[in-house]
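Secondary and tertiary structure notes
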Amino acid sequence: GASTSSYQIEGAVKEGGRKPSIWDTFSHTPGRIADGTNGDIACDHYNRYPGDVELMAKGGFQAYRFSIAWPRVIPDGTGQVNAAGLDFYDRLVDKLLERGILPMACLYHWDLPQALQDRGGWHNRDIAGWFADYARAAVGRLGDRVKPWAMLNEPSVHAIFGHGFGNHAPGLTGWPSYVMAQHHQNLAQGTGLTAVRALRGDLKLGTVFSLQPIYPASQDPADVAAAQRFDACWNTINLDPLFKGSYPAPFENVFAQLVKPGDMEAIRVPVDFLGMNYYGPSWIKHDPAAFLAQAGYGAVPEGTPRTLLGWPISAQGLVEVLTRLRDQYGNPPVFITENGACYEDPAPANGVVQDPERVEYIRAHLVACGEAIRQGCALNGYFAWSLLDNFEWAEGERRRFGLINVDFATQQRTPKASYLYLSQIMRAHAAARP
Ligand code: IFM
């Protein structure tokens, strides 16, 4: 299938009772988004979802991962549930099921209600309860038809970029800010899972992490140590609390100040699946001046293939992460919930956009999925990022990951070669299945 997120595609930011999220505030702050765009309209998916579902159905998509916007469902973050906001997801889910597409919902893909940010957002530990209430409201309405639910999307990325570097909403910076945002997300993930599990027994519950191999830029002990710390910030800060009930060694003391009795038990709850977003590996060089002074950041070896965003490409890295989950985390059932690449696409011609580099990226990563399965990894499915070109956060609309091209001026959709390629694969798999 394919994956999307609410703020990146829905638009309609003032329709159906929705109130602002931190991304509305951030994207409307001058200088924050590279091309000055925002998510006010994005792909206008809120109004155009029937056509988008139709495109999935025509392509033989079997599953669709989308996210639910907290500011549509509870516009003030806590309190009154907005029935009109949930109506939209009701319509979307019904349409998906009508076309034979399995819906997978993610409860939080970074669009926190601004009203909650005004109360401290992820720095306020009360958010664990606020999130559980919101999760109950969404699952209470949709849980009769949506069975797989993910709690959070990429909490470490949200903590690092939104609360450490400050180049994502809410634009906060510094180590203490990052640490608080990370722990409270972990906690909310646990309280959300437990709340929803109590609501219905027939759901498949999980959460989504961005995972990647982290390599030292050299064998210099300072680089090796920095890479270990960065691995903790990116990967194990999420994996260890969920699967082992502890924080990774480099940060045990840092987090000890925040962790209250019972927190780690609340976070370590069984999941039915782990969603894994995979793009590529990182190389880490010690840099005492950088945020994450405790970690340092970035030094890709010359000659490493990269996407337009400069992200290194390594399909083999996907196998490495999956085998790490197999060996160190009890081989949980995994869905690749995002995988894809940003390239400069040509204009549509004869009803299609030729994107051979993206086709090759997806092909190589699907081959890697097969390899991981052969090596005994519990890989259950694959979602490409993303169904549509969309609002790519701080990069705005200028950076495209879609299988389907979107002309943001006309809202015209044009399939790319990667959509056609993935369609072929999905149809072949469906036909081969008993
Ligand atoms: O667009 C994002 C998505 O929201 C989260 N994972 C990475 C994607 C590409 O940057």
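Above: the structure in question.
A brief structural summary. It should be emphasised that the depicted structure is a prediction, and the values quoted were computed from it without experimental measurement. (Residues numbered from 1 in each chain as written. Predicted model: local features only at pLDDT ≥ 70, side-chain atom pairs only at ≥ 80, totals over all residues. Heavy atoms only, no water.)

Attention shifts here to the sheet that holds strand E7 (residues 273–277). The parallel open sheet is built from nine strands, whose spatial order is E10-E9-E7-E5-E4-E3-E2-E1-E11. The sheet is open, and its two edges are formed by strand E10 (379–382) and strand E11 (384–385), each paired on a single side. Relative to E7, strand E5 (residues 204–210) runs parallel, the two sharing five bridges. Paired with Thr 207 across the strands is Leu 274, a residue of E7. On the sheet, helix H13 (residues 315–328) packs against E7, strand E9 (334–338) and E10 and is oriented at approximately 155° with respect to E7. (Pairing = 2+ DSSP bridges. Helix = DSSP H or I, 4+ residues; strand = E, 2+ residues; numbered from the N terminus. Contact = heavy atoms within 4.5 Å. Axes fitted to C-alpha atoms, helices over the stretch in contact; angles between N-to-C directions.)

Now for the site of the ligand. Around the ligand lies a shell formed by Gln 8, His 109, Trp 110, Asn 153, Glu 154, Tyr 279, Trp 311, Glu 338, Trp 385, Glu 392, Trp 393 and Phe 401. Separating a nitrogen atom of the ligand from a side-chain N or O atom of Glu 154 is a distance of 2.7 Å. Between the ligand and Trp 393 there is a distance of 2.8 Å, counted from an oxygen atom to a side-chain nitrogen or oxygen. Protein chains bury 95% of the 280 Å² of accessible surface belonging to the ligand in isolation. Taken together, the residues of the shell around the ligand break down into six nonpolar, three polar and three charged. (Near = heavy atom within 4 Å. Polar contact = N/O pair within 3.5 Å; in protein donor to acceptor, adjacent residues only side chain to side chain. Areas by Shrake-Rupley, 256 points an atom, 1.4 Å probe, with all protein chains shown as cover. Nonpolar A, V, L, I, M, F, W, Y, C, P; charged D, E, K, R; others polar.)

Here we come to the nonpolar core. If you look at the biggest cluster of nonpolar residues, it comprises 133 residues, and the most contacted ones within it are Trp 23, Ile 68, Trp 70, Trp 149, Tyr 178, Met 276 and Leu 322. Contact partners of Met 276, with chain neighbours within four places excluded, come to Phe 209, Leu 211, Leu 318, Val 321, Leu 322, Leu 325, Val 334, Phe 335, Ile 336, Thr 337 and Glu 338. Ranked by size, the runner-up nonpolar core spans seven residues in total, among them Ala 63, Met 104, Val 208 and Phe 273. (Core = buried A, V, L, I, M, F, W, Y, C linked by side-chain atoms within 4.5 Å. Buried < 20%, exposed > 50% of the residue type's maximum accessible area, 1.4 Å probe, protein only.)

Most of the time, phi is negative for any residue but glycine, and the peptide bond is trans. A cis amide bond links Ala 169 to the next residue, Pro 170, at an omega of 5°. Of note, Pro 170 is situated in the loop between helix H8 (155–165) and helix H9 (175–199). The residue after Trp 385, namely Ser 386, is reached through a cis peptide bond having omega 10°. You can see Ser 386 is positioned in the loop between E11 and strand E12 (404–407). In this model, Glu 154 sits at a positive phi of 45°, which is unusual for a non-glycine residue.

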